[in-house]
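Here is how the chains run, residue by residue.
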Amino acid sequence: NLSKSWIKVSSPETYWQHSVENIQVAIPQKNVLLISTGAINDLFEGIKEPAPFFLPASVKADLKLADALVYFPVLPGGGGAGKEAGLPDLPIREVWIFSRGKDEVQELTASFNLSEVKNARILEALFRLLLTMWLRETEVENLAARLQSVEVRVEEKMVRITGLFFSTPELSRFLGALIKE
């Protein structure tokens, strides 16, 4: 039962559009959930064979390990992850985040493909700072203890964050911060 604020659209694929927010949602096939802010037809094209865009090999490898994976082939606004926080603009090309776990604990891994890497040590520190700010915003408990298990690595043109553990409710809040206005 969908809320009355969601409208079913068939053009040419079927999806639901929120009547106030510019959000579109579709489940075109098993294990695929598409979410867009106005370009869902482009995403439909991306899952057809042969696809105009493809999942990079590193995303496909993580997909095999994941219980859930969210992939952003293009970031809203073209990247710029540091701007809102008053930090330097980051040349982020694409992002994917996946979780896997047992019982009520999920490990989150995030990968950021960059267009360039000038100084790996500075990038590691910057991503740790961004992660800390994000965790504070989602009000996770024991922030300092959580960050002890986190590893931030720069591998060629990718920043990879691993070792971040959440309970299921915490994971919902954390991922909800992704789409917060």
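Residues numbered from 1 in each chain as written. Predicted model: local features only at pLDDT ≥ 70, side-chain atom pairs only at ≥ 80, totals over all residues. Heavy atoms only, no water.

Quick notes on the sheet that holds strand β7 (residues 105-114)
Remark on secondary structure: sheet strands pair via backbone hydrogen bonds, oriented parallel or antiparallel.
Phase 1: Pairing in this open sheet of 5 strands is antiparallel, and the strands run β5-β6-β7-β9-β8 from one edge to the other. Strands with a single pairing partner mark the edges of an open sheet, and in this sheet they are β5 (68-72) and β8 (151-155). On average, each strand axis in the sheet is inclined to that of its neighbour by 15 degrees, with strand direction left out of account.
Phase 2: Relative to strand β9 (residues 158-167), β7 is paired through 8 bridges, and the arrangement is antiparallel. Looking across to β9, one finds that S111 is bridged to R160.
Phase 3: Most of the contacts of helix α2 (residues 57-65) go to strand β6 (residues 92-102), to which it runs at about 15 degrees, and overall it touches β5, β6, β7 and β9.
Phase 4: Across the sheet, helix α3 (residues 120-137) is in contact with β6, β7, β8 and β9; its angle to β8 comes to roughly 140 degrees. (Pairing = 2+ DSSP bridges. Helix = DSSP H or I, 4+ residues; strand = E, 2+ residues; numbered from the N terminus. Axes fitted to C-alpha atoms, helices over the stretch in contact; angles between N-to-C directions. Contact = heavy atoms within 4.5 Å.)

What to know about the sheet that holds strand β4 (residues 32-36)
Phase 1: If you walk across this open sheet you meet the 4 strands as β1-β2-β3-β4, and the pairing is antiparallel. Because the sheet does not close on itself, it has two edges, and the strands there are β1 (6-10) and β4. Here the average twist between neighbouring strands, direction ignored, is 25 degrees.
Phase 2: As paired elements, strand β2 (residues 14-18) and strand β3 (residues 24-29) share 2 bridges and run antiparallel to each other. Its bridge partner lying in β3, Q17 is registered against Q24.

A short note on the nonpolar core
Phase 1: If you look at the biggest cluster of nonpolar residues, it comprises 24 residues, and the most contacted ones within it are F112 and L135.
Phase 2: Those elements that place two or more of their residues in this core are β6, β7, α3, α4 (143-148), β8, β9 and α5 (168-176).
Phase 3: Counting residues per element, this core draws most heavily on α3, at 5 residues.
Phase 4: With residues near it in sequence (within four places) discarded, L135 still touches V140, L143, L147, L164, F166 and F174.
Phase 5: Y15, A26, L43 and F44 belong to the second largest nonpolar core, which has 6 residues in total. (Core = buried A, V, L, I, M, F, W, Y, C linked by side-chain atoms within 4.5 Å. Buried < 20%, exposed > 50% of the residue type's maximum accessible area, 1.4 Å probe, protein only.)

A closer look at a nonpolar patch on the surface
Phase 1: A cluster of nonpolar residues, I23, I27, L33 and I35, forms a patch on the protein surface that exposes about 390 Å² of accessible area.
Phase 2: On the secondary structure map, I23 appears in the loop between β2 and β3. (Patch = residues over 30% accessible without salt bridge, like charges linked within 9 Å, V, L, I, M, F, W, Y side chains within 5 Å. Areas by Shrake-Rupley, 256 points an atom, 1.4 Å probe, with all protein chains shown as cover. Salt bridge = Lys/Arg side-chain N within 4 Å of Asp/Glu carboxyl O.)

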